[in-house]
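Now for the letters of each chain:
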Amino acid sequence: KYLFSHEQAVNYAAIATVDRIIFFLAGSIIAVMISSTSLLKSSQENFRILTKSAILVVTLCGTATMIFSLFPTLVMHLLLGTRYDSYAHLLPLLSLTIFIGSLVSLLSAYFISLRKYYAGMAVMGGSLLTLVLIVVRHATLEHVIIGILSGSVVTFIVLSACALLSRRHALT
């Protein structure tokens, strides 16, 4: 919000508020997953809980992302009125960004619940990448969203690889 005019910042905040619906859909699933995983359970059981949680997050948040992407103007009208029509085109890209962020949150919570704090390095690396991308390229709101999306995708890939490698290591 510091990189843009007051009007752009307000309009971005409105779009981001709508997209937070996606993130909050994942929140309750993540909370249940955290309380279900345990160091006392086998790695296979914990991974099965992660898999079920991921399926739920992808189903719920993916559906919301598709609706927001296919009908951005309608969603904006229903939730905020017509004032933000000129920024409704940002809703699909930001929805995808928040969706990926929800998956990053799920994986991060999984590792934290199992006290595998090394995953925090991936999150810090992705955050640093996001910061660099935004600092380097921030001429438009689209550039900022693409920077956030890029950092989130990299973080998701690294955390997914960590989850798969830890599962593979537990099976051998």
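Everything below is about the structure printed above this text.
Keep in mind that what you see is a predicted model, and the values were worked out from it rather than measured.

Let's talk about the overall build of the chain
Scanning the chain for helices and strands turns up 6 helices and 0 strands. For the chain, the α and β elements follow one another from N to C terminus as α-α-α-α-α-α. Taken over the C-alpha atoms alone, the chain extends approximately 55 × 35 × 20 Å along its principal axes. Within the chain, the fraction of its 172 residues that count as buried is 40%. Once local pairs closer than 6 in sequence are excluded, the contacts in the chain between residues at least 24 apart make up 79%.

Remarks on the pattern of salt bridges
Across all of its chains, the model carries 1 salt bridge by this definition. Arginine 48 is the salt-bridge partner of glutamate 45, the closest N and O atoms lying 2.0 Å from each other. Linking glutamate 45 with arginine 48, this pair stays in helix 2 (residues 43-70), spanning 3 residues, or about one helical turn.

Looking at the packing of helix 1 (residues 6-36) against helix 3 (residues 72-80)
Remark: helix 1 packs on helix 3, axes separated minimally by 11 Å, with the N-to-C direction vectors making an angle of 95°. Between helix 1 and helix 3, the crossing angle belongs to the class labelled roughly perpendicular. Contacts between helix 1 and helix 3 involve Ala14, Ile15, Val18 and Ile21 from the former and Val75, Met76, Leu79 and Leu80 from the latter. Broken down by class, the residue content of the contact of helix 1 with helix 3 amounts to 8 nonpolar, no polar and no charged.

Conventions and cut-offs
- Residues numbered from 1 in each chain as written.
- Predicted model: local features only at pLDDT ≥ 70, side-chain atom pairs only at ≥ 80, totals over all residues.
- Heavy atoms only, no water.
- Helix = DSSP H or I, 4+ residues; strand = E, 2+ residues; numbered from the N terminus.
- Buried < 20%, exposed > 50% of the residue type's maximum accessible area, 1.4 Å probe, protein only.
- Contact = heavy atoms within 4.5 Å.
- Salt bridge = Lys/Arg side-chain N within 4 Å of Asp/Glu carboxyl O.
- Axes fitted to C-alpha atoms, helices over the stretch in contact; angles between N-to-C directions.
- Parallel < 35°, antiparallel > 145°, perpendicular 65-115°, else oblique.
- Nonpolar A, V, L, I, M, F, W, Y, C, P; charged D, E, K, R; others polar.

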